[in-house]
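Below, each chain spelled out in residue letters.
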Amino acid sequence: MCSSDLYQDTARRIICFLDAANPSATPIEGVSATLRYLSADGSLKEAVAYSLLNRIPVGGAVPLYAVFPADKTWNGSMDAELRSAIPSLAMSSKVEISGTAIKLNAEGSSARVTGMITAGDADAGEYWVLLIGRNGQGQITAARRFSVSLPDGETSAEFSFQVYSLSGVIETVDVLAEPAP
């Protein structure tokens, strides 16, 4: 179930975040889930939720994300079923986030996150930084992915990004990163 991470936006679309954890001894990739609910007219509604990053490290978790069309009769519940997850054989360069500062606005509806991304090797390239806003119960209230490019010859770069809540207050922000594909 992912009912605790479901929201309806102003257009009444149903937005779902689902934490996908990796309890295995190997990084995984290609993670997706099928989300479904029974509508008031008796029809089964389905959507595929995809990971906001390509890889989920050992012991880590990354949100899956899906959007359903507007449904005024939706009762607020949803079932989830793992669709795909494969062991990651790719050797990925190590990426670290450091010096993170998180500044919440007064209402808790947004957060500005600054920090430094450092690549484990001297390869210039593009990296993804994922911000995951959570409320006091650990539910995902916001998620946004950004790209950071490291200039040739550099192994680190500063970043500053904003994330906005879909519903409720952001109390904490998780910051994850990986090389972009």
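Residue positions are given per chain, counting from 1 as you read along its sequence in written order. Only residues with pLDDT of 70 or above have their local features reported here, since the model is predicted, and side-chain atom pairs are shown and tallied only from 80 upward, although totals for entire chains, interfaces and linings are computed over all residues. Excluding hydrogens and water, the side-chain figures rest on all heavy atoms present in the structure.

**Looking at the overall build of the chain**
Helix and strand assignments come from DSSP, with helices taken as H or I runs of at least 4 residues and strands as E runs of at least 2, each series counted from the N terminus. Across its full length, the chain carries zero helices and 13 strands. To get the radius of gyration, use the C-alpha atoms; to get the globule rule, take the number of residues to the power 0.38 and multiply by 2.2 Å. The C-alpha radius of gyration computed for the chain amounts to 17 Å, which stays within 12% of the reference 16 Å derived for 181 residues, consistent with globular compactness. Counting only C-alpha atoms, the chain reaches 60 × 45 × 25 Å along its principal axes. Only protein chains enter the accessibility calculation, which uses a 1.4 Å probe; a residue is then buried when its area is under 20% of its type maximum, exposed when over 50%, and partly exposed in between. Split into buried and exposed, the 181 residues of the chain put 39% on the buried side. Note on contacts: a residue pair is in contact if any heavy atoms of the two residues lie within 4.5 Å. The contacts in the chain between residues at least 6 apart in sequence include a share of 65% that link residues at least 24 apart. Exposure was quantified through the Shrake-Rupley algorithm and a 1.4 Å probe, taking into account, for residues, occlusion by the shown protein chains and nothing else. About 9500 Å² of surface is accessible on the chain, with carbon and sulfur atoms providing 51% of the total. For this count, His and the chain ends are skipped, Lys and Arg are scored as positive, and Asp and Glu as negative. Charge positions come from single atoms, namely NZ of Lys, CZ of Arg, CG of Asp or CD of Glu. Mean positive and mean negative side-chain charge positions of the chain (13 and 20 charges, respectively) differ by 7 Å.

**Section: the environment of Ala142**
For Ala142, the position within the fold is in strand E11 (residues 140-150). Overall, the relative accessible area of 0% leaves Ala142 in the buried class. Taking the C-alpha atoms as reference points, Ala142 and Gly168, separated by 26 residues in sequence, lie 9.4 Å from one another. Ala142 has contacts with Leu131, Ile132, Gly133, Val163, Tyr164, Ser165 and Ile170, leaving out every residue within four places of it along the chain.

**Remarks on the nonpolar core**
Here the nonpolar core consists of buried residues drawn from Ala, Val, Leu, Ile, Met, Phe, Trp, Tyr and Cys, with membership extended through side-chain atoms lying within 4.5 Å. Formed by 29 residues in total, the largest nonpolar core has its most connected members in Ile14, Leu35, Leu64, Phe68 and Met78. Put simply, the parts of the chain that give this core at least two residues each are strand E1 (6-8), strand E2 (14-21), strand E3 (28-38), strand E4 (44-51), strand E6 (61-68) and strand E10 (125-134). Element by element, the count of residues in this core is highest for E2, at six residues. In this structure, Ile14 is in contact with Leu6, Tyr7, Gln8, Tyr37, Ala66, Val67, Phe68, Pro69, Asp71, Trp74 and Met78, ignoring residues within four places of it in sequence.

**Overview of the side chain of Ser110**
Tracing the backbone shows Ser110 in strand E9 (residues 110-119). Judged by its relative accessible area of 7%, Ser110 is buried. Engagement of the side chain of Ser110 in a polar contact is seen with the side chain of Gln162, the distance being 3.1 Å. Apart from the residues within four sequence positions on either side, Ser110 is in contact with Lys103, Leu104, Asn105, Gln162, Val163, Tyr164 and Ile170. Any pair of N or O atoms that falls within 3.5 Å is considered a polar contact. Within protein, one atom must be able to donate a hydrogen and the other to accept it, and sequence-neighbouring residues count only if both atoms are side-chain atoms.

**Some remarks on the pairing of E4**
In this description, strands pair whenever DSSP reports at least two bridges between them. Two strands pair when backbone bridges link them, and E3 and E4 are joined in this way by seven bridges, in the antiparallel orientation. If you follow Ala33 over to E4, its bridge partner there is Ala49. In textbook terms, the turn of a hairpin is the stretch between consecutive antiparallel strands, and for E3 and E4 this stretch comprises five residues, one of which, Gly42, has a positive phi near 90°. Where E4 lies against E6, two bridges are found, and the strand directions are antiparallel. Residue Tyr50 lies in a different strand from E6, and its bridge partner there is Tyr65.

**Looking at the pattern of salt bridges**
Within this document, salt bridges are pairs made up of a side-chain nitrogen of Lys or Arg and a carboxyl oxygen of Asp or Glu, the two lying within 4 Å of each other. Under the defined criterion, the tally for this structure stands at four salt bridges. The partner of Asp19 in a salt bridge is Arg134, and the shortest N-O contact between them spans 3.0 Å. In this pair, Asp19 sits in strand E2 while Arg134 sits in strand E10, placing the two residues 115 residues apart along the sequence. Of the residues examined, Arg134 reaches a relative accessible area of 12% and is grouped as buried.

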